[in-house]
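The residues making up each chain are set out below.
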Amino acid sequence: MDISKFIDYTLLKATTSERDVINLCNEAKLNGFYAVCINTAYVALAKQLLENTGIKIASVIGFPLGATSTAAKVYEAKKALEDGADEIEMVMNLGFLKSRNFVLVLKDIIDVKLGIKDTPLKVILEISELSKNEIIKACSICLDAKVDVIKTSSGFSKSGATLTATKIIKKTIKDQAQIMVSGGIEDFETALKYLEAGADRIGTSKNINPVSNSIQNRNAKVYKKYLEANQIQNSLEIQYYNR
Amino acid sequence: MAPLSSYIDHTLLKATATKNDIIQLCKEAKEHQFHAVCINSCYAALAKEQLKNSGVKVCCVIGFPLGAMSTEAKIFETKQALFDGADEIDMVLNIGLLKSKDFAAVWKDIEAVKKCIPNNILKVILETCYLDEPEIIKASELAIQSGADFIKTSTGFGTRGATIHDVKLMKHVADGKAKIKASGGIKDYGTAMQYINLGVERLGTSSGIAIITGQPSTESY
């Protein structure tokens, strides 16, 4: 099956050149990925490259430490929108969370949310730094702030997404927000496992999308999600899964 | 030589640094009379309050640690940090634009930040671990040309920290027009003195106390 519509094709390294961003956007077009995920300095460039393609631009904010001041995060997000971003991915303030100052964690997110209005907001938890209880707390703060997507990892910490954490997040938030997994998802099989565990989006810098018939019907739930993501609404398959 | 402690920016930049960690950092900086504390911008106001009337400066990092945020965002973050009480700014150069050989953009990025803090110290972090020799030379030139007061080797989040070789190269390019801050992996008295003897005027380290007391340190930055 084709999982391209679940993928945010990602390039966030400090050394990313303009040429790298051009290649990223070209590959995203070729594969029909859902979005590209980049740093704010390259949003305007990506916008030019992806004009009229339907591929979205996700831009990271306060990245990767989440420790910039709230006002700076708000401004960076607004500026990214002005440059052409379609989605904002901010890193939660982990220091505030670890200080157990949950009000400040919430305010940090809400201020960005207010700043970008209806633009989808993803919040990166950086699960590698959090205990199980902190993950649950972070999720409920995200729900209070009405974020659209909860994302596991920045890819710059000691480790990335885990299936265990994905399941904890899913159990905590149910269907009140989407889950994006990222960090270390480097092949198709792994991606499928996460989709089965409840992930809705996948952030990866690897082009993982072999359209393989053998795995086509591996999991009905995931396949249905795929059909919906590709807006194949009246297909026989959807009718089959909806009956 | 000035006291060793006056060379040191006492540094805590981990994502998970708590309020109490920052308070502790400031307390240590006061006690040992370090030059500054170096922290993320979300804690500028807290540090300022902790360090009131102590003579220890607040140094904030900007666009940290990737340097890949838009210039406008760096400017705003700088202004906000200053408003919150920062005395010095350590910004990361846009490494990607340097790699793209878009030198005008690299230069404008730095100049724009310097313009909003004409009376404050601006240090530009080159992140030398990702650069080859010609790039270190070019980056140093661009930073100095753009008004940087210091050029700084590393964020502590790259693949390695300062090296003697990088510092010598930067010192050679700077040639008195800018000062040098070495950072990343400076954990003991011997290493610190090695850099100071090369002409480095500031050290960024989480091991400041170990350095001035001659004890071994367990910190990684």
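Worth saying up front: this structure is predicted, and the values here are computed from it rather than measured.

Parameters at a glance
- Residues numbered from 1 in each chain as written.
- Chains lettered and ligands numbered in written order.
- Predicted model: local features only at pLDDT ≥ 70, side-chain atom pairs only at ≥ 80, totals over all residues.
- Heavy atoms only, no water.
- Helix = DSSP H or I, 4+ residues; strand = E, 2+ residues; numbered from the N terminus.
- Rg over C-alpha atoms; globule rule 2.2 N^0.38 Å.
- Buried < 20%, exposed > 50% of the residue type's maximum accessible area, 1.4 Å probe, protein only.
- Contact = heavy atoms within 4.5 Å.
- Lys, Arg positive; Asp, Glu negative; His and termini not counted.
- Charge placed at Lys NZ, Arg CZ, Asp CG, Glu CD.
- Axes fitted to C-alpha atoms, helices over the stretch in contact; angles between N-to-C directions.
- Parallel < 35°, antiparallel > 145°, perpendicular 65-115°, else oblique.
- Left-handed = near helix turned anticlockwise from the far one by under 90°.
- Nonpolar A, V, L, I, M, F, W, Y, C, P; charged D, E, K, R; others polar.
- Buried area = accessible area lost by both parts, 1.4 Å probe.
- Salt bridge = Lys/Arg side-chain N within 4 Å of Asp/Glu carboxyl O.
- Pairing = 2+ DSSP bridges.
- Right-handed = clockwise from strand over helix to strand, strands pointing away.
- Arc of directions from axis to C-beta.
- UniProt positions renumbered as here; feature names shortened; annotations may be inferred.
- Polar contact = N/O pair within 3.5 Å; in protein donor to acceptor, adjacent residues only side chain to side chain.

A. Main features of the overall build of chain B. Along its length, chain B carries nine helices and eight strands. The C-alpha radius of gyration of chain B comes to 16 Å, within 12% of the 17 Å expected for a compact globule of 221 residues. Projected onto its principal axes, the C-alpha positions of chain B cover 45 × 35 × 30 Å. By the burial criterion, 59% of the 221 residues in chain B qualify as buried. Restricting to contacts in chain B with at least 6 residues of sequence separation, those with at least 24 account for 66%. Charged side chains of chain B number 25 positive and 25 negative; the gap between the two group centres comes to 2 Å.

B. Here's a closer look at the packing of helix 6 (residues 133-145) of chain B against helix 7 (residues 164-174) of chain B. Residue and element names in this part refer to chain B. For the pair helix 6 and helix 7, interaxial distance at closest approach is 9 Å and the crossing angle is 45 degrees. Considering their axes alone, helix 6 and helix 7 lie oblique with respect to each other. Between helix 6 and helix 7 the crossing geometry is right-handed. From helix 6, Glu133, Ile136, Ile137, Ser140, Glu141 and Ile144 reach across to helix 7, where they touch His165, Asp166, Leu169, Met170, Val173 and Ala174. Residue composition of the contact of helix 6 with helix 7, by class: seven nonpolar, two polar and three charged.

C. Seen up close, the interface of chain B and chain A. On the chain A side, the residues contacting the 31 residues of chain B number 29 residues. A buried area of about 2600 Å², summed over both sides, lies between chain B and chain A, and 70% of it is on carbon and sulfur atoms. Taken together, the connections running from chain B to chain A amount to one salt bridge. The salt bridge partner of Lys79 of chain A is Glu72 of chain B, with a shortest N-O separation of 3.7 Å.

D. Summary view of the pairing of strand 5 (residues 121-124) of chain A. Residues and elements named next belong to chain A. Taking every second residue as pointing to the same face, both faces of strand 5 are buried, with Leu121 and Val123 on one and Lys122 and Ile124 on the other. Pairing of strand 5 with strand 6 (residues 149-151) involves three bridges; the strand directions are parallel. When the sheet's bridge partners are listed, Ile124 is paired in strand 6 with Lys151. Crossover handedness for the path strand 5 to helix 6 (residues 132-144) to strand 6: right-handed.

E. Quick peek at unusual backbone geometry. That bond from Phe63 of chain A to Pro64 of chain A is cis: its omega, -5 degrees, falls within 30 degrees of zero. Along the chain, Phe64 of chain B connects to Pro65 of chain B via a cis peptide bond; the corresponding omega equals 0 degrees. Its location among the elements puts Pro65 of chain B in the loop between strand 3 (57-62) and helix 3 (71-84). Here Lys174 of chain A, not a glycine, exhibits a phi torsion of approximately 50 degrees, which is positive. Relative to the helices and strands, Lys174 of chain A is located in the loop between helix 7 (163-173) and strand 7 (178-182). A residue is classified by how much of its surface remains accessible, and Lys174 of chain A, at 53% relative accessible area, is exposed. One non-glycine residue with positive phi stands out, namely Gln33 of chain B, at about 50 degrees. Using a relative accessible area of 42% as the deciding quantity, one classes Gln33 of chain B as partly exposed.

F. Structural context of helix 7 of chain B. Residue and element names in this part refer to chain B. Considered for burial, the residues of helix 7 that qualify are Asp166, Val167, Leu169, Met170, Val173 and Ala174. Relative to the axis of helix 7, the buried residues are bounded by an arc of 160 degrees and lie together on one face. Those residues of helix 7 that are buried are in contact with helix 6, strand 6 (150-152), strand 7 (179-183) and helix 8 (189-197). Looking at the residues trailing helix 7, positive phi occurs at Asp175, about 45 degrees.

G. Region of interest: the UniProt feature "active site" (unreviewed entry) in chain B. Residues and elements named next belong to chain B. When the UniProt feature table is mapped onto this chain numbering, "active site" (unreviewed entry) sits at Asp90, Lys152 and Lys181. In terms of the greatest pairwise C-alpha distance, the residues named above, spread along 92 residues, form a tight cluster of at most 10.1 Å across. Tracing the chain through its elements places Asp90 in strand 4 (residues 88-92). Residues within four places of Asp90 in sequence aside, it is in contact with Cys38, Cys59, Cys60, Val61, Ile62, Lys123, Ile125, Lys152 and Lys181. Within the structure, Asp90 has its side chain in polar contact with the side chain of Lys123 (distance 3.0 Å).

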